[in-house]
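Architecture at a glance
So you can see what is in the structure, the chains are spelled out below.
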Amino acid sequence: EAGVTQFPSHSVIEKGQTVTLRCDPISGHDNLYWYRRVMGKEIKFLLHFVKESKQDESGMPNNRFLAERTGGTYSTLKVQPAELEDSGVYFCASSPLRRTEAFFGQGTRLTVV
Amino acid sequence: AQKVTQAQTEISVVEKEDVTLDCVYETRDTTYYLFWYKQPPSGELVFLIRRNSFDEQNEISGRYSWNFQKSTSSFNFTITASQVVDSAVYFCALSEASSNQFYFGTGTSLTVIP
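Remember, predicted model here, so these are calculated numbers, not experimental data.

Scoring rules and cut-offs
Counting of residues starts from 1 at the beginning of each chain's written sequence and follows it residue by residue. A letter from A marks each chain and a number from 1 marks each ligand, given out in the order of writing. Totals for whole chains, interfaces and linings use every residue, but because this is a predicted model, local features are given only for residues with pLDDT of at least 70 and side-chain atom pairs only at 80 or more, for both listing and counting. Hydrogens are left out, water is left out, and the side-chain values use all remaining heavy atoms of the structure. The contact criterion used throughout is that any non-hydrogen atoms of two residues lie within 4.5 Å. Joining two parts hides part of their accessible area as seen by a 1.4 Å probe, and the buried area is that hidden amount summed over both. The term salt bridge refers to a pairing of a side-chain nitrogen on Lys or Arg with a carboxyl oxygen on Asp or Glu at a separation within 4 Å. Polar contact is the term for a pair of N or O atoms within 3.5 Å; when the atoms are in protein, one must be able to donate a hydrogen and the other to accept it, and sequence-neighboring residues count only if both atoms are side-chain atoms. Only runs of H or I of at least four residues qualify as helices and only runs of E of at least two qualify as strands under DSSP, and these elements are numbered from the N terminus. Per-residue accessibility, obtained with a 1.4 Å probe over protein chains only, is compared with the maximum for each type, and a residue is labelled buried under 20%, exposed over 50%, and partly exposed between these values. We call a pair of cysteine sulfur atoms a disulfide whenever their separation is within 2.5 Å.

1. Some points on the interface of chain B and chain A
Taken residue by residue, the interface counts 18 residues in chain B and 18 residues in chain A. Buried area between chain B and chain A, both sides added, is near 1600 Å², and the carbon and sulfur share of it is 57%. The tally of links from chain B across to chain A stands at one salt bridge. Residue A:Glu101 pairs with B:Arg50 through a salt bridge whose shortest N-O separation is 2.8 Å. For the interface between chain B and chain A, the tally reads four residue pairs in polar contact (both at pLDDT 80 or more). Elements with a contribution of two residues or more to the side of chain B that touches chain A: β5 (32-39), β6 (46-52) and β11 (102-104) of chain B.

And the structure:
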């Protein structure tokens, strides 16, 4: 069974540019989460989808971040325009609707220069 | 306030030594779940274990064991006879029944020296 996959694995962009991260959850998982780890700090929650609906987006840092989950399958997280402080590793996770453990992808390392 | 604290930032041990990774959590929920994840150099977070707040039984899985103590709000992880392949960053996490999100600690970087 394929795990959670994220694309790209690395991205280096200039301040002010736009970047879109993609997450493909495990097939059949209704819950999809985005998390972020800034260098040396804890992994922090960004938002949670149940199918295509945003259940909780309380962790989104500001309106430069936009997450979508088209048709309840894959999800994208767009950062526009990117700032230096957006650098970090962005993790996606998925889980079935009534399970509590989440399965994480390998992360996307974003560097804004 | 930090809900999950992993006080050990980095640990180095020599192969075959035992090592314990500490995790202290804070929550007001009576129902919650605790997790450990391993992040090897390849970057993904690998699920290791989940415990719920009503089950304080310690668990052993091969060389891994977990000690859950509600009295001290701790969920420590011990690796027995460590191996080089155990080198990774280990994250402790908390999920409260009242919320779907995970609260992670800052991680402990374990290096096992051959």
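2. Some remarks on the pattern of salt bridges
Under the counting rule described, the total for this entry stands at ten salt bridges over all chains. Residue A:Glu42 is joined to A:Lys44 by a salt bridge in which the shortest nitrogen-to-oxygen separation is 4.0 Å. A:Arg64 serves as the salt-bridge partner of A:Asp86, at 2.6 Å between the closest nitrogen and oxygen. Within this pair, whereas A:Asp86 is found in the loop between β8 (75-79) and β9 (88-95), its partner A:Arg64 is found in the loop between β6 (53-56) and β7 (65-68), the two being separated by 22 residues in sequence. Taken as a pair, A:Asp86 and A:Arg64 share a single burial class, namely buried. When salt bridges that share partners are traced, they join B:Arg51, B:Asp55 and B:Glu59 into one network.

3. A few points about the state of the cysteines
Following the criterion strictly, the structure yields two disulfides over all chains and no others. The disulfide bridge from A:Cys23 ends at A:Cys92, spanning 1.8 Å between sulfur atoms. When the S-S torsion is -65°, as for the bridge of A:Cys23 with A:Cys92, the disulfide is left-handed. On the criterion of sequence distance, the pair formed by A:Cys23 in strand β3 (residues 19-24) and A:Cys92 in strand β9 is long-range, its members being 69 residues apart. Just as A:Cys23 is buried, A:Cys92 falls in that class too. Sulfur-sulfur distance for the disulfide between B:Cys23 and B:Cys92 comes to 1.9 Å. Disulfide B:Cys23 to B:Cys92: torsion about the S-S bond roughly -65°, handedness left-handed.

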